[in-house]
Amino acid sequence: MPNIHPKTTPIYQTSVFAFEDLNALELYFEQPGQSYMYTRYGNPNTDELAQEVNKLEQGAGAVVTSSGMSAILAAVLAVCKAGDHVLCAEEIYGGSSTLLSQELTRIGIDVSFVPPADMYTLSAYVQPTTRLLLAETMSNPLLQVLDIAKVAQETQRQGIKLVIDNTFATPILTKPLHLGADLVIHSVTKYLSGHSDVTAGVVVCKAAEDLQRVQRVMMVYGLNLSPFEGWLAARGLKTLRLRMKQHSNNALAVARFLQQHPAVEQVWYPGLEEHPQHMLAKAQGQGLFGGMLSFRIKDNAEAVNRFMQALPSIPFAPSLAGVNTSISYPLGTSHRALTPEQQQKMGITAGVIRFSTGIEEPEEIIAELETALAAV
Ligand SMILES: Cc1ncc(COP(=O)(O)O)c(C=O)c1O
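Sequence order as written defines residue numbering, which begins from 1 separately in each chain. Residues qualify for local features only when their pLDDT is at least 70, as the model is predicted, and side-chain atom pairs are given and counted only at 80 or more; totals for whole chains, interfaces and linings, by contrast, use all residues. Excluded from the side-chain calculation are hydrogens and water; included are all heavy atoms of the structure.

A. Region of the structure containing the site of the ligand. Near the ligand, the surroundings consist of Ser67, Gly68, Met69, Tyr93, Glu136, Asn140, Asp165, Thr167, Ser187, Thr189, Lys190 and Ala200. A distance of 2.9 Å separates an oxygen atom of the ligand from a polar backbone atom of Gly68. In protein, a polar contact requires one atom able to donate a hydrogen and another able to accept it; more generally it is a pair of N or O atoms within 3.5 Å, and residues adjacent in sequence count only if both atoms are side-chain atoms. In this structure, Met69 approaches the ligand through a main-chain N or O atom, which is 2.9 Å from an oxygen atom. Reported accessibility uses the Shrake-Rupley method at a 1.4 Å probe radius. Residues are deemed covered only where the shown protein chains occlude them. When the ligand is considered free in solution it has 390 Å² of accessible area, and contact with the protein chains removes 89% of it. Side-chain classes are defined by residue name, with Ala, Val, Leu, Ile, Met, Phe, Trp, Tyr, Cys and Pro counting as nonpolar, Asp, Glu, Lys and Arg as charged, and the others, Gly among them, as polar. Split by residue class, the shell around the ligand holds 3 nonpolar, 6 polar and 3 charged. For this description, a residue counts as near a given molecule or strand if any of its non-hydrogen atoms is within 4 Å of it.

B. Representation of the packing of aromatic side chains in the model. Here the aromatic set is Phe, Tyr and Trp, taking the six-membered ring for Trp, and pairing holds for ring centres within 6.5 Å; pairs whose planes are under 30 degrees apart are stacked, those over 60 apart are edge-to-face, and all others are tilted. Here the structure, examined in full by the defined rule, presents 8 aromatic pairs. Judged by centre distance (5.4 Å) and plane angle (35 degrees), the ring pair of Phe17 and Tyr36 falls under tilted. Note that Phe17 is positioned in the segment before α1 (22-30) and Tyr36 in the loop between α1 and α2 (44-57), a separation of 19 residues in sequence. Taken together, a centroid distance of 5.0 Å and an interplanar angle of 80 degrees make the contact between Tyr28 and Phe29 edge-to-face. The cut-offs for exposure are 20% and 50% of the maximum accessible area for each residue type, with area from a 1.4 Å probe on protein chains only; residues under the lower value are buried, those over the upper are exposed, and the others partly exposed. Classification of Tyr28 as buried rests on a relative accessible area of 16%. Taken together through their ring pairs, the aromatic side chains of Phe19, Tyr28 and Phe29 make up a single cluster. Secondary structure elements are taken from DSSP: a helix is a run of H or I of four residues or more, a strand is a run of E of two residues or more, and numbering for both begins at the N terminus.

C. Just the domain arrangement of the protein chain, in detail. Marked domain ranges trace back to an automatic or database domain assignment. Assigned domains within the protein chain: domain 1 (22-237) and domain 2 (240-375). Centre-to-centre, using C-alpha coordinates, domain 1 lies 26 Å away from domain 2. Here a residue-residue contact requires only that any non-hydrogen atoms of the pair lie within 4.5 Å. Each side of the interface is counted separately: domain 1 has 38 residues, and domain 2 has 39 residues. As used here, buried area is the combined drop in accessible area, with a 1.4 Å probe, of two parts when they are placed together. Between domain 1 and domain 2, roughly 3,000 Å² of surface is buried when both sides are summed, and carbon and sulfur atoms account for 62% of that area. Only one rule defines a salt bridge in this text: a Lys or Arg side-chain nitrogen within 4 Å of an Asp or Glu carboxyl oxygen. Here domain 1 is connected to domain 2 by 1 salt bridge. Between Glu90 and Lys345 there is a salt bridge, with its nearest N and O atoms 3.1 Å apart. Summed over the shared surface of domain 1 and domain 2, the number is 18 residue pairs in polar contact (both at pLDDT 80 or more).

D. Focus on the pattern of salt bridges. Evaluated as defined, the whole model comprises 8 salt bridges. Arg106 is paired through a salt bridge with Glu103; the nearest N and O atoms lie 3.9 Å apart. A salt bridge links Asp210 to Lys161; its shortest N-O distance comes to 3.2 Å. Here the residue Asp210 occupies a position in helix α7 (residues 208-221), and Lys161 occupies one in strand β5 (residues 161-165), the gap between them amounting to 49 residues. Taken together, the salt bridges that share partners define one network made up of Lys81, Asp84 and Arg131.

Structure representation (C-alpha cells):
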C-alpha cells in the first residue's frame with residue numbers, strides 16, 4: 001500500500017475488521033478505541049460523527065444510531081427497565097410520543113405526558129419509579145421553547161434525568177448539557193446532516209456511566225448506523241454553523257412576511273417578538289431562532305391543497321431541516337397517530353402548515369409563498 005494521507009476520512013464500508021493474530025485481538029479488548037472489530041460495535045466513520053457531535057454538544061461522549069427514533073429508544077433503554085416510569089412533554093414529535101405510549105408500555109415502561117404549563121413543577125407527575133423526562137428544546141411543530149435551565153433544576157430536585165431532543169435547535173443555538181440536561185438526542189436526519197440524504201440519530205451524554213449504557217444498548221440491540229451514512233452525516237456537519245445562520249435569517253424574514261399576509265391567520269416562530277417565549281428563545285439560542293416555523297391558513301384541507309399545488313417548486317415532503325425549503329402537514333404526517341382530541345389540544349388543526357426554511361436566497365422563498373398564498 002503506498003503511503004497515502006487522505007485529507008478527509010475514507011469510507012470504511014466494511015462490516016468486520018481483520019486481526020493479525022490473537023495478540024491483536026487481546027489488544028482490541030485491553031485498549032478500547034485503538035482498533036476495530038465489527039461495525040455494529042464501532043466503525044471509524046460512525047465514531048468520527050459521534051466525536052464531532054460530542055464536540056459541539058460538549059458532552060462526555062456520544063453514540064450514533066440508525067435514526068432519531070433509535071436514539072430516543074437507546075436513551076430510554078439505557079436508563080429504564082421494566083417497571084420504570086418516564087415523563088414526556090405533551091408537545092413533542094408524534095413519533096416520540098408513539099414510541100413511549102404505544103411500544104415501550106408493551107415492555108413494561110410506563111409513561112405520563114406533561115402539559116406545557118406543568119413542565120417546571122413535576123411533583124404531580126413524578127412517581128417513585130420515574131427515571132427521566134423527555135422534552136424538546138423547541139417543540140415540533142408549534143415551536144414552543146423550553147426553558148432548559150429551569151426544567152433541569154426541577155428534574156434535579158426530583159432526582160430524575162433530563163433528556164433533551166435538540167433536533168430543532170442544534171448545538172449552534174443551544175447546548176442543553178450546559179443548561180443542566182443529562183442526555184441530548186438528535187435526529188441527525190435533520191440539521192446535523194442537513195442535506196435530506198441521511199437517516200441517523202445520536203445520543204450525547206454528560207456522565208460516563210450513561211455513555212457506557214447507551215453504547216451497550218446500541219450494540220446489543222443493533223441500533224448502529226452504517227459507515228456510509230456516518231460519512232455523509234459527518235460531511236454535512238462541517239457546514240452546520242453556516243447553514244444554521246442562513247436557515248435562521250431566512251426563517252425570520254419568512255415569518256415576518258407571513259405575519260402580515262391576509263391569508264395567514266397565525267405564525268409560530270420564536271424569532272417574532274410576539275412569540276410567548278421570544279426573550280427566552282433569544283437568550284437560549286444565541287440570538288438565532290432556527291429554520292423551523294409553522295403557520296395557519298384557513299382551517300380547511302382544500303385550502304391547504306390549493307396552497308401546496310400552487311407552490312412553484314417548494315415540495316411537500318414530510319421531513320425537515322434540509323438545505324432546500326420544504327413544507328409539511330403535521331395533521332397528516334408527524335402527528336397523524338394522535339387522537340383528534342390530542343391534535344386539537346395541541347393546536348394542530350387542518351390549516352396548520354409546517355415550514356422548513358432552507359438556505360436559498362430569502363427573496364426566492366418569499367416569492368414562492370406569495371404565489372401559493374394567492375391561490376388560497
Ligand atoms: C424532533 C424530532 N425528534 C426525533 C425525530 C425522529 O427522527 P428520525 O426520523 O431520524 O428517526 C424526528 C423526526 O421527524 C423529529 O422531528
